[in-house]
Amino acid sequence: MDMLMRTDLAIYVMAANDINMEAFNEFKLYFKKYAIPYIVVISQTDTVSEIELVQIQQEFKDCILTSIKNGMGIVKLKEVIVSKLKEEEEDKPLVGDLLPYGAKVILVVPIDSEAPKGRIILPQVQCIRDCLDHGIKSYVVRDTELEAALKEIPDVDLVITDSQAFAKVSQIVPTSIKLTGFSLLMSRQKGDLELFMKGIERIKTLKPGNKVLILEGCTHNVSHEDIGRVKIPNGLSKYVGDKLEFTYIAGQDFPGNLSEYDLVVHCGGCMLTHKTVCNRAHLCEEKGVPITNYGMVLAFLSGTLERSYEIFKDN
């Protein structure tokens, strides 16, 4: 099941002389359920008659007929695979469809023990690149220089902050300037923003001892300021008034016991595909388990979620 959730393209192969419709229909349901594009390949076509091939093509209208023995359909199969994968490659913009050409954006990048030495993290890099791609002027500052930057740069359209600095940045940025976070932008690009917003409502009813699953899309060194392992657990426990029970899963693993949890908190998903994050979110929804993400939780806990979400309402 997890393999299917992470698949960008499925190739379902059946031998022409051994068509199993029951098995195919079962997998077809999985493909549709998890929005996985698929190609039906009929192999060993040299083992059946022309009449049987016509019947197969009528049953599977977009199938590709192949034969290793005579080379039939191999080139076409390669071309279709490349074409399908190209369709899945492009994500929606991070900010390019939220702001007009020439807009001004300030990116707030705190430098603390979690910041990788000599570089900035992937969501911040992707945001800068997206601004460049869409002709949006971006200015990168630390939270300590934000106030001065706002005075020096006229007519700022949007401030984008790292999730952990929401509270501080919200106090500095005037309400006349829109504010959001890298994690919220990633949520919209990689996942289901509205579903994540619904997950926030579950936080309001959490009780001590409830189980919370923290899902991280990649493995990384954990510091004393780690967002998923330290700040979010501490913040949620403080909000509830006592300890919650946290489980941490990093990388491509996805639990089969979702129903045990009262809430799932997902990372921004910068190392995952849109399909993977969406499928995870929708599987949680199917199991009746609310899901949200890092940035939204931190914005909620700092009292800035409504303001951070405002820019998405206009689009």
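Refer to the preceding data block for the structure.
Each value, and the rule that gives it
- Residues numbered from 1 in each chain as written.
- Predicted model: local features only at pLDDT ≥ 70, side-chain atom pairs only at ≥ 80, totals over all residues.
- Heavy atoms only, no water.
- Helix = DSSP H or I, 4+ residues; strand = E, 2+ residues; numbered from the N terminus.
- Buried < 20%, exposed > 50% of the residue type's maximum accessible area, 1.4 Å probe, protein only.
- Areas by Shrake-Rupley, 256 points an atom, 1.4 Å probe, with all protein chains shown as cover.
- Pairing = 2+ DSSP bridges.
- Axes fitted to C-alpha atoms, helices over the stretch in contact; angles between N-to-C directions.
- Core = buried A, V, L, I, M, F, W, Y, C linked by side-chain atoms within 4.5 Å.
- Contact = heavy atoms within 4.5 Å.

Visitor: What should I look at first to understand the overall build of the protein chain in this one?
Guide: Across its full length, the protein chain carries 13 helices and 11 strands. Considering the protein chain as a whole, with its 315 residues, one finds that 47% of them fall into the buried category. When the accessible surface of the protein chain is summed, it comes to about 16200 Å², and 50% of that surface belongs to carbon and sulfur atoms.

Visitor: What am I meant to see in the sheet that holds strand 7 (residues 178-181) here?
Guide: Strand pairing within a sheet occurs via backbone hydrogen bonds; the two strands may be parallel or antiparallel. Ordered by their spatial adjacency, four strands build an open sheet running 5-4-6-7, and the pairing between neighbours is parallel. Every interior strand has two partners, whereas the edge strands, strand 5 (137-141) and strand 7, have only one. Direction aside, the axes of adjacent strands within the sheet are offset by 20° on average. By the bridge criterion, four bridges tie strand 4 (residues 104-108) to strand 6 (residues 158-161) in an arrangement that is parallel.

Visitor: Please clarify how the nonpolar core should be interpreted in this entry.
Guide: Side chains that are nonpolar tend, in soluble globular proteins, to be buried together. Formed by 59 residues in total, the largest nonpolar core has its most connected members in Ile160 and Ile232. Here this core takes six residues from helix 12 (residues 294-301), the largest share from any one element. Judged by nonpolar contacts, the second largest core, of 15 residues, contains Ala10, Tyr12, Phe60 and Cys63.

Visitor: Explain the sheet that holds strand 8 (residues 211-216) to me, please; I cannot follow it from the model alone.
Guide: Strands sit in the order 9-8-10-11 across an open sheet of four strands; the sheet is parallel. Lying at the two open borders of the sheet, with one neighbouring strand each, are strand 9 (245-250) and strand 11 (291-293). Neighbour-to-neighbour, the strand axes of the sheet open up by a mean angle of 25°, direction not taken into account. Bridge analysis of strand 10 (residues 263-266) against strand 11 gives three bridges, and the strand direction is parallel. Note on strand 11: the bridge partner recorded for valine 264 is isoleucine 291. Packed onto the sheet, helix 9 (residues 193-203) meets strand 10 and strand 11 and runs at close to 100° relative to strand 11.

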